[in-house]
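# Descriptive analysis of the structure
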Amino acid sequence: MIIAPSLLACDFGRFADETRRAAKAGADWLHLDIMDGHFVPNISFGPGVVRAIRPLTRLTFDLHLMCTKPEILLESFARAGADLITVHVELGDRVGPLLWKIRSLGKKVGLAVNPPTAIANVLPFLDQIDLLLVMTVNPGFGGQPFIHEMLPKIQQAAAWRRERGLDYRIEVDGGINLATAADCARAGADTFVSGTGLFGQRNLRAAMRKMNLIVRRARAAATER
Ligand code: DX5
Ligand code: ZN
């Protein structure tokens, strides 16, 4: 089980301190939301910020690209210090070449699916990815409520993984708190992105520990059944 605090919810005036805070608090990964003001109606930060915080920690940098043209950004983000780069399945015909390009840059490969998009769209790519990101809100902003109708998508992703003997991670992102993380863990998720649910806590370490414990318990109870 991996807990990945999302830097989108940190104090944007203190990227460096907030990165150190997440690392010191024992985060597994750091989730970095890249928004281009076109694929989603918001802009976050770019390769310059990623490069600036890279020397501060050895945490895995999990980049979530909400961008219409990732092809023009992949090399910069790879050089800036990404470990894993996720692009969206909504990009259609370009998804195959994009996944290949990420792999050729020596990075782990992720594929994301938005709430209105059918999960079947990811099927052709399952054997090419390290991570499948099931969005549990419409991307663009932190602090939105979890969309419960996404739980069957997680179950489907877990069933495909089992049936096909694959080992991609199943990541959830959007509205993840202790209760919704447990629901996702029961459905088969193993990687939990949380922005406001974690960075808003004064004691980040305690909040992440609690989330980790709860998802492990939820998963164990689900597999016993
Ligand atoms: C949403 C982003 C998320 C965001 C989640 O567009 O992809 O990673 O940071 O924020 P919370 O956890 O506040 O819903
Ligand atoms: Zn994200």
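As a reminder, the structure under discussion sits directly above these lines.
Residues numbered from 1 in each chain as written. Chains lettered and ligands numbered in written order. Predicted model: local features only at pLDDT ≥ 70, side-chain atom pairs only at ≥ 80, totals over all residues. Heavy atoms only, no water.

### Thoughts on the overall build of the protein chain
Each helix and strand in the protein chain was counted, giving 8 helices and 8 strands. The C-alpha atoms of the protein chain give a radius of gyration of 16 Å, which matches the 17 Å a tight globule of 225 residues would have. Based on the C-alpha atoms only, the size of the protein chain along its principal axes is roughly 45 × 45 × 30 Å. Looking at the protein chain as a whole, 52% of its 225 residues are labelled buried. When the accessible surface of the protein chain is totalled, it reaches about 10100 Å², and 51% of it is carbon and sulfur. Across the protein chain, the 28 positively charged side chains and the 22 negatively charged ones have centroids separated by 7 Å. (Helix = DSSP H or I, 4+ residues; strand = E, 2+ residues; numbered from the N terminus. Rg over C-alpha atoms; globule rule 2.2 N^0.38 Å. Buried < 20%, exposed > 50% of the residue type's maximum accessible area, 1.4 Å probe, protein only. Areas by Shrake-Rupley, 256 points an atom, 1.4 Å probe, with all protein chains shown as cover. Lys, Arg positive; Asp, Glu negative; His and termini not counted. Charge placed at Lys NZ, Arg CZ, Asp CG, Glu CD.)

### Notes on the site of ligand 1
As a structural note, the neighbourhood of ligand 1 is formed by 20 residues, with D33, G140, D173, G195 and T196 the closest of them. With respect to ligand 1, the side chain of S6 contributes an N or O atom lying 2.8 Å from an oxygen atom. Contact distances for ligand 1 include 2.5 Å between an oxygen atom and a side-chain N or O atom of T196. Isolated, ligand 1 exposes 380 Å² of accessible area, and the fraction of that covered by the protein chains is 99%. If you list the elements that add at least two residues to the shell around ligand 1, you get strand 2 (29–35), strand 3 (60–66) and strand 8 (191–194). When residues of the shell around ligand 1 are assigned to their parent elements, the largest contribution, 3 residues, is made by strand 2. (Near = heavy atom within 4 Å. Polar contact = N/O pair within 3.5 Å; in protein donor to acceptor, adjacent residues only side chain to side chain.)

### Here we look at the environment of A22
With respect to the helices and strands, A22 occurs in helix 1 (residues 15–24). By relative accessible area, which is 0% here, A22 ends up buried.

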